[in-house]
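Now for the letters of each chain:
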Amino acid sequence: MATTADISKIEVSTGTRQLKKGRTMTDNELRELITSLAVAQAKTDTQLAKTDAKLNKLAEMYGGVGNNQGKVAEEFYFNSLKHNPVLNGIRFDFIEKNVTRSKRGIEEEYDLLLVNGEDVYIIEVKYRLHPKDIERMLGRKLSNFKILFPEYRDYRIHLALATFTLDDDVKQMALDQGITLLQRRGEVIETLAA
């Protein structure tokens, strides 16, 4: 006859077997879950890669449109000033386009430079003028010009922003800072000065 101790051993042994069996099932279920999560992650990564590629293509297209508009504006102002190199009543001897210079780790590109023996006009061209363009011109562009073009240190340096479109508040902001504005008016340039 089985004693209470024997019955307890049998129950413990049976419970241990069931626990091991349950643990084995849980381990298998866990492996299946990990596998399904890995598959889902791979699908998500693939979809994100496709989405990234589409976003990059859209950014490239949008950037291309903006760059093309800027190139059109630059070409218009270059051709107009090349044909008639007079700005604010000052006649210039030559015009340079897309001038880039580098010195001591500083590199800057200027859209247009008008130069005579006494004056130099730094002209930045924007399809649409924004306040940050004014800040950039008065800050970085002007200070870097003085470093990069020491041959013009005794010249009168003038600043101009050329644009196809601008808001009245931005226009006033530029004029208040003494920046000459060139604005397209039909097929000619209209010069606005403070």
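The model shown is predicted, which means the values in this text are computed figures rather than measured ones.

Chemist: Kindly report on the overall build of the protein chain, identifying the contributing residues and their values.
Modeler: In terms of regular secondary structure, the protein chain is built from 3 helices and 8 strands. In the protein chain, buried positions account for 29% of the 194 residues. Of the accessible surface of the protein chain, which amounts to about 12900 Å², a share of 54% is contributed by carbon and sulfur atoms.

Chemist: Please provide a residue-by-residue account of the nonpolar core, values included.
Modeler: Residues Leu113, Ile122, Phe145, Phe149, Leu161, Ile179 and Leu181 are the most contacted members of the largest nonpolar core, which totals 22 residues. Contributions of two or more residues to this core are made by strand S4 (106-115), strand S5 (119-128), helix H2 (131-148), strand S6 (156-165) and helix H3 (168-176). Per-element accounting of this core gives the leading share, 5 residues, to H2. With 18 residues, the next largest nonpolar core counts Ala73, Tyr77, Ile95 and Phe164 among its residues.

Chemist: Let's hear about H3: which residues, and what values?
Modeler: Within H3, the full set of buried residues consists of Val170, Ala174 and Leu175. The arc enclosing the buried residues of H3, seen along the axis, measures out at 135°, which places them on a common side. Exposed residues lying more than 90 degrees from the buried face of H3 are Asp168, Asp169 and Asp176. Gly178, located one to two residues past H3, shows a positive phi value of around 80°.

Chemist: Mind laying out a nonpolar patch on the surface, listing which residues take part and the relevant values?
Modeler: Where nonpolar side chains cluster on the molecular surface, the patch consists of Leu30, Leu33, Ile34 and Leu37 and spans about 390 Å² of accessible area. Positionally, Leu37 belongs in helix H1 (residues 4-83). Using a relative accessible area of 52% as the deciding quantity, one classes Leu37 as exposed.

Chemist: Run through H2, naming residues and quoting values.
Modeler: Compared with an ideal rise of 1.5 Å per residue, which puts 18 residues at 26 Å, H2 spans 25 Å between its outermost C-alpha atoms and is within 8% of the ideal. Taken as a whole, H2 has its buried residues at Asp133, Ile134, Met137, Lys141, Leu142, Asn144, Phe145 and Leu148. Close packing links the buried residues of H2 with strand S3 (94-103), S4, S5, S6 and H3.

Chemist: How would you explain the packing of aromatic side chains if you had to name every residue and give the values?
Modeler: Scanning the entire structure with this criterion turns up 11 aromatic pairs. Ring plane angle 20° and centroid distance 4.6 Å describe the contact between Phe145 and Phe149, whose orientation is recorded as stacked. Accessibility classification places Phe145 together with Phe149 in one group, the buried group. Judged by centre distance (6.0 Å) and plane angle (5°), the ring pair of Phe145 and Tyr152 falls under stacked. Cluster of aromatic residues (ring-pair linked, three or more members): Tyr110, Phe145, Phe149, Tyr152 and Tyr155. The ring of Tyr110 is capped by Lys141, whose NZ or CZ atom sits 5.1 Å from the centre of that ring.

Chemist: Please set out the pattern of salt bridges residue by residue, giving values where relevant.
Modeler: On inspection of all chains with the given rule, the structure shows 9 salt bridges. The shortest N-O distance in the salt bridge between Glu151 and Arg101 comes to 2.8 Å. Here Glu151, found in the loop between H2 and S6, pairs with Arg101, found in strand S3; they are 50 residues apart in sequence, far enough to count as distant. By relative accessible area, which is 39% here, Glu151 ends up partly exposed. Assessed through its relative accessible area of 30%, Arg101 is described here as partly exposed. The network of salt bridges with shared partners includes Glu108, Glu124, Arg140 and Lys141.

Chemist: Now, about unusual backbone geometry: what can you tell me, with residues and values included?
Modeler: Positive phi values are uncommon outside glycine, yet Asn98 reaches one of about 50°. As for its placement among the helices and strands, Asn98 is situated in strand S3. Since its relative accessible area comes to 32%, Asn98 is described here as partly exposed.

Cut-offs used in this document
- Residues numbered from 1 in each chain as written.
- Predicted model: local features only at pLDDT ≥ 70, side-chain atom pairs only at ≥ 80, totals over all residues.
- Heavy atoms only, no water.
- Helix = DSSP H or I, 4+ residues; strand = E, 2+ residues; numbered from the N terminus.
- Buried < 20%, exposed > 50% of the residue type's maximum accessible area, 1.4 Å probe, protein only.
- Areas by Shrake-Rupley, 256 points an atom, 1.4 Å probe, with all protein chains shown as cover.
- Core = buried A, V, L, I, M, F, W, Y, C linked by side-chain atoms within 4.5 Å.
- Arc of directions from axis to C-beta.
- Patch = residues over 30% accessible without salt bridge, like charges linked within 9 Å, V, L, I, M, F, W, Y side chains within 5 Å.
- Salt bridge = Lys/Arg side-chain N within 4 Å of Asp/Glu carboxyl O.
- Expected span 1.5 Å × (residues − 1).
- Contact = heavy atoms within 4.5 Å.
- Phe/Tyr/Trp six-rings, centres within 6.5 Å; stacked < 30°, edge-to-face > 60°.
- Lys NZ or Arg CZ within 6 Å of the ring centre and 35° of its normal.

None of the figures reported here should be taken as evidence of function without further support.
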